[in-house]
Amino acid sequence: MTVEGSLPFGMLRPRTGEEIRSAFLAFFAERGHQVLPSASLVPDDPTVLLTIAGMLPFKPVFLGQQKPPAARVSTSQKCIRTNDIENVGRTARHHTFFEMLGNFSFGDYFKKEAIQWAWELSTEVFGLDPKHLVVSVFREDNEAEVIWRDVVGVNPQRIIRMDEIDNFWASGPTGPCGPCSEIYYDFKPELGDKSIELEDDTRFIEFYNLVFMQYNRDALGTLTPLANCNIDTGMGLERMAQILQGVSNNYETDLIYPLIQKAAEYASEIRRIMRYLEVSDGNMQEGSLRCDVNISVRRGSNAPFGTKVEIKNMNSFSAIQKACDYEIQRQIRAYEGDELVVQETRLWDEGKQLTKSMRSKEGSSDYRYFPDPDLGPIEVSKELRETWLAELPELPSAKRHRYADELGLSSYDARVLTDELSMADYFESVVAAGVDAKAASNWITGDIAAYVNANRLTYRCLAFRPEQLAEMIEMIDSGKISGKIAKEILPELLSKGGAPKVIVDERGLGMISDSALINTLVDEMLTSHPDEVEAFRGGKTKLQGFFVGQLMKKTGGKADPKLVNQILSKKLQG
């Protein structure tokens, strides 16, 4: 079976989040599991508020209240963390929203198959080296340990027995439950088998949990064996992505990091909108836009955060990065030296490249905000909102879509062109003169943007006006000059402006398109390179590029390259 979007198993290891999800579901589909869609995050179960695990949609099945949809099922279930929500933000692997990959058996198969498949999937499909894997079992589950050791072949020293708090699973205070067995990834196998502490989350991360559902727990805590033993497994999608993508935490995977980038882009978009509306220039260096950051450090991912320190009024993105880096190191040095880190507001000193105290913040009450009693609520009617919207100019997002939909530009080109309103206006004026949008975009976002940025200019004060750029592009398209000539005259045009046609005519830079003249030049060039001609006719056809280069060099780049290639091809072929 081929996973959609990838090669068959064994030919290409899953790596992206989507590939991992697809590979997991395809693996169990091959083994007779019916793949079902993710259930609602709000379950139809009065005992729980949210869907907290992949098994929750099947709780009535495990309790014998409903008939299972199939004897074997596999899902990729979206979940909300509640049981250990206190760990969110305190470790690199706990987050509020997560996705659990699972396979389930409703009385069809039990421990042996579940364990074997988990190991096969981890080592053969995902390609994890067994020396990086450690297994845990419930302290009383001898059967599971025997399967891991004797059937799968796991080193006994890497099978760890754990207590009920770690290896006895339940969906809540009541309901289906049973012993479980987990697979951990060891980031530091070189430390050996005698120093395995699975609580050390700097070395180990649990990514696979196999629940052997054998009991039902009632409100009194009594365990009653279920009529059928069931399997409920869960593999954390984000955790496997962290392992396979080789990043230090779940937040850096392709499942989460794009969201962080989206947040950063959102902040940038706010600045673009302010500039388009001309309510602010958004220049951080001039105080038009400021940023405050709050920093605290801690000893390890399970330790509580230290004292929070605020750094005020960052005036550049560079300053934000430098201030954060400095403050993190300052606090680490303080804690390591048993010094007190006080809750305070600090400022970034650009000259000395350090943060310094501005004022103290004695408690959380210093951060409270109160509504102004003199300012009442303002209600805006729908009609007024629509009137204001109609008065707004075209905003960056709308421009980007128009450039892509109507002008055929790539999303990248559209984003770069609309980053500054003056650049977008310049581009539109060039296109309005009748030239190709892509050609205009290439010049504006390339050589012209480099000049504007280097000289701290705006497109509105650029000496090289849009109609002049349009003229130059038209001369290239019509064959009057080459792109090489255009690049030669561009620096003068950018600094002084002027008509490209006038400069080309005055300096005799027009393209040579006389076929008779080019024929003569080609004959002279071929006569002076007999060895290369013989080599070309002997099969080294890539030498045509050499001949073209020689001719362009002789003509100062003015020969029509299309015509040169046509004549060369005929003469070289004999």
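Here the structure is a predicted model, which is why all the values come from computation and not from measurement.

Caption draft 1: Focus on the overall build of the chain. Within the chain one finds 20 helices and 13 strands. Overall, the chain is about 100 × 80 × 60 Å in size when its C-alpha atoms are taken along their principal axes. Of all 574 residues assigned to the chain, the portion counted as buried reaches 43%. Taking the contacts inside the chain whose residues are at least 6 apart along the sequence as the reference set, 64% of them involve residues at least 24 apart. For the chain, the exposed surface amounts to about 30,600 Å²; the carbon and sulfur share of it is 52%.

Caption draft 2: Spotlight on the sheet that holds strand β11 (residues 309-314). Strand order across the open sheet formed by 4 strands is β10-β11-β12-β13, with mixed pairing between neighbours. What marks the edges here is a single partner per strand, and that holds for β10 (291-295) and β13 (354-360). Taking each pair of neighbouring strands and ignoring which way they run, the sheet shows an average axis angle of 30 degrees.

Caption draft 3: Main features of the packing of aromatic side chains. Summed over all chains, the structure comprises 17 aromatic pairs. On the numbers, 4.9 Å between centres and 55 degrees between planes, the contact of F58 with F104 is tilted. Placement of F58 in the loop between β1 (34-36) and α2 (59-62) and of F104 in strand β3 (residues 97-106) is noted, with a sequence separation of 46 residues between them. Residue F58 shares its accessibility class with F104, and that shared class is buried. Both rings, one in F546 and one in F547, keep their centres 5.5 Å apart while their planes meet at 65 degrees; by these two values the pair is edge-to-face. Under the relative-accessibility criterion, F547 is labelled buried at 0%.

Caption draft 4: Looking closely at the nonpolar core. By size, the foremost hydrophobic cluster in this structure holds 40 residues, and its most contacted members are I20, F126, L128, W148, F207, Y208 and M235. Of all the secondary-structure elements, those providing two or more residues to this core are α1 (17-30), α3 (111-125), β4 (133-138), α4 (142-152), β7 (175-186), β8 (204-217), β9 (223-236) and α6 (237-245). A total of 7 residues in this core trace back to one element, the largest contributor, which is α3. Discounting residues that sit within four places of it in the chain, L128 has contacts with S122, T123, L133, Y185, F207, M240, I243 and L244. Counting residues in hydrophobic clusters, the runner-up holds 39 residues, among them Y276, L421, M423 and A437.

Caption draft 5: Spotlight on the packing of helix α18 (residues 530-537) against helix α19 (residues 544-554). The interhelical angle for the contact between α18 and α19, taken along N-to-C directions, is 150 degrees, at an axis separation of 10 Å. Residues E532, V533 and F536 of α18 form the contact with α19, whose participating residues are Q544, F546 and F547. Looking at the contact of α18 with α19 residue by residue, the class counts come to 4 nonpolar, 1 polar and 1 charged.

Caption draft 6: Layout of a nonpolar patch on the surface. Taken together, the side chains of L277, V279, L389 and L392 define a hydrophobic patch exposed on the protein surface, amounting to about 360 Å² of accessible area. With respect to the helices and strands, the residue L392 is situated in the loop between α9 (382-391) and α10 (396-407).

Caption draft 7: How the structure looks around the side chain of Q77. Inspection of the secondary structure assignment puts Q77 in strand β2 (residues 72-80). The exposure class assigned to Q77 is buried, which follows from its relative accessible area of 2%. Reaching out from Q77, the side chain makes a polar contact with the side chain of S38 at a distance of 3.2 Å. Apart from the residues within four sequence positions on either side, Q77 is in contact with S38, A39, S40, T51, A53, G54, P57, F98, E99 and M100.

Caption draft 8: Structural detail: the pattern of salt bridges. Within this structure, the stated rule accounts for 38 salt bridges. Residue E327 pairs with R346 through a salt bridge whose shortest N-O separation is 3.6 Å. With E327 in helix α8 (residues 317-336) and R346 in strand β12 (residues 344-349), this pair connects stretches of sequence that are 19 residues apart. Residue E327 shares its accessibility class with R346, and that shared class is buried. A salt bridge links K487 to D447; its shortest N-O distance comes to 2.9 Å. Taken as a pair, K487 in helix α15 (residues 483-496) and D447 in helix α13 (residues 437-454) lie far apart in primary sequence, 40 residues in all. Several salt bridges converge on common partners, so that one network encompasses R158, D186, D193 and R203.

Caption draft 9: The arrangement of the state of the cysteines in detail. Tallying each qualifying case throughout the model produces 0 disulfides. You can see C177 has no disulfide; the closest cysteine sulfur is in C180, sitting 11 Å from it.

Caption draft 10: Spatial organisation of the environment of H94. Looking at the secondary structure, you find H94 in the loop between β2 and β3. Expressed as a C-alpha distance, the spacing of H94 and C291, which sit 197 residues apart in the sequence, is 28 Å.

Caption draft 11: Geometry of the environment of V42. Among the secondary structure elements, V42 is positioned in the loop between β1 and α2. V42 sits in the exposed class, given a relative accessible area of 57%. Put simply, V42 and L25 are 17 residues apart on the chain and 23 Å apart in space, counted from C-alpha to C-alpha. Not counting residues up to four positions away in its chain, the partners in contact with V42 are L49, L50 and T51.

Caption draft 12: Representation of the pairing of β2 within the structure. Within β2, 7 of the 9 residues are buried, which leaves the element mostly enclosed by the surrounding structure. Both β1 and β2 contribute to a ladder of 3 bridges, which runs parallel. By the bridge assignment, V35 is partnered in β2 with S74. With 9 bridges connecting them, β2 and β3 associate as antiparallel partners. Among the inter-strand pairings, K78 is bridged to a residue of β3, identified as E99.

Caption draft 13: A look at unusual backbone geometry. Positioned with a positive phi, E278 is a non-glycine residue whose angle comes to about 60 degrees. Tracing the chain through its elements places E278 in the loop between α7 (257-277) and β10. Its relative accessible area of 59% is what places E278 among the exposed residues. Although it is not a glycine, R456 sits at a positive phi angle of roughly 55 degrees. Among the secondary structure elements, R456 is positioned in the loop between α13 and α14 (466-477). Overall, R456 belongs to the exposed group, its relative accessible area being 80%.

Caption draft 14: Summary view of helix α17 (residues 515-527). Over its 13 residues, α17 runs 18 Å from end to end, which matches the ideal 18 Å to within 8%, given 1.5 Å per residue. Taken as a whole, α17 has its buried residues at I518, L521, V522, M525 and L526. Taken down its axis, α17 places every buried residue within 130 degrees of arc, on the same side. Turning to α17, the residues buried within the fold contact α18, α19 and α20 (561-572).

Cut-offs used in this document
- Every chain's residues receive numbers from 1 upward, in the order its sequence appears when written.
- Totals for whole chains, interfaces and linings use all residues, but because this is a predicted model, local features are given only for residues with pLDDT of at least 70 and pairs of side-chain atoms are given and counted only at 80 or more.
- Side-chain descriptors were evaluated using all non-hydrogen atoms of the structure, hydrogens and water having been removed beforehand.
- A helix here means a DSSP run of H or I that spans at least four residues, while a strand means a run of E at least two residues long, and both kinds are numbered starting from the N terminus.
- We call a residue buried when its accessible area falls under 20% of the maximum for its residue type, exposed when it is over 50%, and partly exposed in between, using a 1.4 Å probe and counting protein chains only.
- Only heavy atoms enter the contact rule, under which two residues are in contact if any of them lie within 4.5 Å.
- Method for areas: the Shrake-Rupley scheme with a 1.4 Å probe, in which residue coverage is limited to the protein chains shown.
- Two strands are said to pair when DSSP picks up at least two bridges between them.
- Where helices are involved, their axes are fitted lines through C-alpha atoms of the stretch in contact, as for all axes, and angles between N-to-C directions lie from 0 to 180°.
- Between the rings of Phe, Tyr and Trp (Trp by its six-membered ring), a pair exists once the centres lie within 6.5 Å; its type follows the angle of the planes, with under 30 degrees stacked, over 60 edge-to-face, and the other angles tilted.
- Among buried residues, the Ala, Val, Leu, Ile, Met, Phe, Trp, Tyr and Cys ones that are joined through side-chain atoms within 4.5 Å form a nonpolar core.
- We call Asp, Glu, Lys and Arg charged. Ala, Val, Leu, Ile, Met, Phe, Trp, Tyr, Cys and Pro are nonpolar, and the rest, Gly among them, are polar.
- The patch calculation keeps residues exceeding 30% relative accessible area without a salt bridge and links them within 9 Å when they carry like charges or within 5 Å when they are nonpolar (Val, Leu, Ile, Met, Phe, Trp, Tyr).
- Whenever Lys or Arg places a side-chain nitrogen within 4 Å of a carboxyl oxygen from Asp or Glu, that contact is recorded as a salt bridge.
- Identification of polar contacts relies on pairs of N or O atoms within 3.5 Å, with a donor-acceptor requirement for protein atoms, meaning one able to donate a hydrogen and the other able to accept it, and with residues adjacent in sequence counted only if both atoms are side-chain atoms.
- Cysteine sulfur atoms are paired as a disulfide whenever they come within 2.5 Å of each other.
- One less than the number of residues in a helix, times 1.5 Å, gives the span that helix is expected to have.
- Summarising the geometry, the arc corresponds to the directions from the helix axis toward the C-beta atoms.

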